[in-house]
Amino acid sequence: MTILDEIEPIRRQRVYDLVHAAGVDVSHWDVSKGNSSSAASNPKYCFDWSFVGESAVVLNLWHDGMEEREGIVRYALNPRQTAEKATGRRLLRARQMEAAIQTAMRARLPIRAIVNAGNRKNASNRTTSVKRRLLDPVAWRVESYDDETGHCTLVRSQGRPTFIDQFTAREIGTESPDKKTVTTEVTARCPQVRQQVLTRANGYCEYCREPGFTTGDGKIFLETHHVIPLAESGPDTPHNVVALCPNHHREAHHGAMRDAIRQQLLAHLQTFA
Ligand SMILES: [Zn+2]
Ligand SMILES: [Zn+2]
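Residues numbered from 1 in each chain as written. Chains lettered and ligands numbered in written order. Predicted model: local features only at pLDDT ≥ 70, side-chain atom pairs only at ≥ 80, totals over all residues. Heavy atoms only, no water.

Bringing the coordination of the zinc ion (ligand 1) into the picture now. The zinc ion (ligand 1) binds to the protein through Cys205 (SG), Cys208 (SG), Cys245 (SG) and His248 (ND1), with metal-donor distances spanning 2.0 to 2.4 Å. Around the zinc ion (ligand 1), the 4 donor atoms sit at angles spanning 92 to 133 degrees, and that spread fits a shape best called tetrahedral. Each donor residue of the zinc ion (ligand 1) lies on the same chain, and together they follow the pattern C-x2-C-x36-C-x2-H. You can see cysteine 205 sitting in the loop between α8 (191-201) and β10 (213-214) and its partner cysteine 245 sitting in the loop between β13 (241-244) and α9 (246-254), a full 40 residues away along the chain. (Donors = N, O, S within 2.8 Å, 3.2 Å for Na, K, Ca; no water. Tetrahedral: all angles 85-135°; square planar, octahedral: opposite > 155°, others 65-115°. Helix = DSSP H or I, 4+ residues; strand = E, 2+ residues; numbered from the N terminus.)

Below you can see the structure in the form of structure tokens.
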């Protein structure tokens, strides 16, 4: 049985119940002022494609749009492109969908997927009708997002995501690196601190908020960095360590903007103080 078989929706469930089950507040769906329609079928919300809560972002994804390869399930979408071809409510929903994805990245929120099955709007179907739904018990995350084009790939977590940094990658690497360098660098840094920072970052660069890349074995890679360098007596604690994408890590060390980057990262760390 594949993962896609496991999350094939077989029941006709309501969006309202699934959004609620994902932990997103649905109290405002209640229609007041004597309107008789019930909250669950409030058309203002129940046809939306995305919902943003304080602890999760919920996205409607089509089961037949999911792709499973080597045990990893992905979903490619481009709500910006959809918006360009849409009008009215459809346009609005596509825009909301892209904003919800951006929020998930910025606020490092897990994505909960409502898996849809039914008829998608296409050349032969004039309207969309969802026949069956299921709330995926496993969270999803943004694997890549192209700010220029709006193209986005979501990936379904395999249990709890594993976050690794440059030191972990080297420890488990097959090449035999220069032993002396590795020993000095690894011993100077507390593995618990690095892991705590990687967990806090939840797979997103703490400078640009872009997702770290996924390694060949499905782990999420970011580099840990001491904002005040150890050489300047910066402490080896989570209050001085951030997780950065490889590009911004290099820039934090060598870029013309490195002082500004340091200031911004210090301000970021202040929010956890
Ligand atoms: Zn970055
Ligand atoms: Zn560094």
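Having seen the model, we can carry on.
Within the secondary structure, tryptophan 29 is located in the loop between α2 (15-21) and α3 (43-46). Sequence separation of tryptophan 29 and proline 43 is 14 residues, and the distance between their C-alpha atoms is 9.1 Å. Not counting residues within four places of it along the chain, the set of residues in contact with tryptophan 29 comprises Val15, Tyr16, Ala39, Ala40, Asn42, Tyr45, Cys46 and Phe51. (Contact = heavy atoms within 4.5 Å.)

Alternating positions in β13 separate into two faces, Val241 and Ala243 on one and Val242 and Leu244 on the other, with burial throughout. Sheet topology note: the strand β12 (residues 223-226)/β13 ladder contains 4 bridges and is antiparallel. Counted as the bridge partner of histidine 225 is valine 242 from β13. (Buried < 20%, exposed > 50% of the residue type's maximum accessible area, 1.4 Å probe, protein only. Pairing = 2+ DSSP bridges.)

On to the coordination of the zinc ion (ligand 2), then. Around the zinc ion (ligand 2), the protein supplies His225 (ND1), His249 (NE2) and His253 (NE2) as donor atoms, at distances of 2.0 to 2.1 Å. Expressed as a motif, the donor residue spacing for the zinc ion (ligand 2) is H-x23-H-x3-H. In this pair, histidine 225 is assigned in strand β12 and histidine 253 in helix α9, connecting sequence segments 28 residues apart. On the accessibility criterion, histidine 225 (7% relative accessible area) is buried.

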